[in-house]
Structures are given as C-alpha cells and as structure tokens.
Amino acid sequence: MANIQIAENRPLSELLEIALSTQANLNRILLEKIEAKDKTIELLQIENEQKCNEKLELQQKLDDSEDEKLELQQKLDDSEDEKLELQHKIDSLEDENRELRQRVDPFSPDGLSIEDCFDEEY
C-alpha cells in the first residue's frame, strides 16, 4: 500500500518540481525584465541630464547674446551721443565764424575772406 501511495505521489511530486521550476524560470525572466527596465531608466536619466545641460548651455549663450546686444546698443547710443556733441561743436564754431566775419565787415552778409583782409592797405 505504501508503494501505491508513493507511486501516486510521484506524478504529483514531479508536477510540483515542474511547477517550482516554471516559477523559478518566470521569476528569472521577471528579474531580467526588471534589470532591463532599470538599465533603460538609467540611460533615459543620463539622456535627460544631457538634454538639461544642453538647454542650460543654450540659455547661457542666449543670455550672453542678450548681454552682447545690450552692450552693442549702448555703444551705438554712445556713438550717437558723440555725434550729436560733435555736431553741436561744429555748429558753435560755425556761429563763432559768422560772428567773426560780421566783425570784419558788418555790412557784408558773408563777411570778408582772409584774402580780402590782406588786399586792403592799412
């Protein structure tokens, strides 16, 4: 009778071994999938970090470009101010010249030329 029970239990124990083996294989496959997904996550995190760094570099370049643009605009404004100052000096000198010419000959609209002054006898 014990032999009959062992014989009946044998297929059951074989089935149990197959089930345990199958479960072990499934667990191994799941662990491999988990490892693959972990590696994918790690690679995506590295890629994301690189993209963030690229974005920061581009933002820095944009900021530098804006700073350079502002500097150039300031230089342009300064140049325009200098131009206006020079024009003011030119206008002042022209006014002084007209005034001096009027002193030389108050009746002449243009005043006397330098040559005219030397032609006169004193």
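Being a predicted model, the structure only gives us computed values, none of them experimental.

A. The arrangement of the overall build of the protein in detail. The helix and strand inventory of the protein stands at two helices and zero strands. The buried share among the 122 residues of the protein stands at 3%. When the accessible surface of the protein is summed, it comes to about 11,800 Å², and 56% of that surface belongs to carbon and sulfur atoms.

B. Representation of a negative patch on the surface in the model. On the surface, Asp63, Asp64, Glu66, Asp67, Glu68 and Glu71 cluster together into a negatively charged patch. With respect to the element layout, Asp63 can be found in helix α1 (residues 2-104). Using a relative accessible area of 34% as the deciding quantity, one classes Asp63 as partly exposed.

C. Region of interest: the pattern of salt bridges. Here the structure, examined in full by the defined rule, presents three salt bridges. Across the pair Glu32 and Arg28 runs a salt bridge, and its minimum N-O distance is 3.1 Å. Within this pair, Glu32 and its partner Arg28 are both found in helix α1, separated by four residues, close to a single helical turn. Note that Arg98 is salt-bridged to Asp95, the shortest N-O span being 2.7 Å. Linking Arg98 with Asp95, this pair stays in helix α1, spanning three residues, or about one helical turn.

D. Here's a closer look at a nonpolar patch on the surface. A cluster of nonpolar side chains, Leu12, Leu15 and Ile18, forms an exposed patch at the surface whose accessible area comes to about 320 Å². Overall, Leu15 belongs to the exposed group, its relative accessible area being 53%.

Basis of the calculations
- Residues numbered from 1 in each chain as written.
- Predicted model: local features only at pLDDT ≥ 70, side-chain atom pairs only at ≥ 80, totals over all residues.
- Heavy atoms only, no water.
- Helix = DSSP H or I, 4+ residues; strand = E, 2+ residues; numbered from the N terminus.
- Buried < 20%, exposed > 50% of the residue type's maximum accessible area, 1.4 Å probe, protein only.
- Areas by Shrake-Rupley, 256 points an atom, 1.4 Å probe, with all protein chains shown as cover.
- Patch = residues over 30% accessible without salt bridge, like charges linked within 9 Å, V, L, I, M, F, W, Y side chains within 5 Å.
- Salt bridge = Lys/Arg side-chain N within 4 Å of Asp/Glu carboxyl O.
- Lys, Arg positive; Asp, Glu negative; His and termini not counted.
- Charge placed at Lys NZ, Arg CZ, Asp CG, Glu CD.

Distances and angles like these do not, on their own, reveal function.
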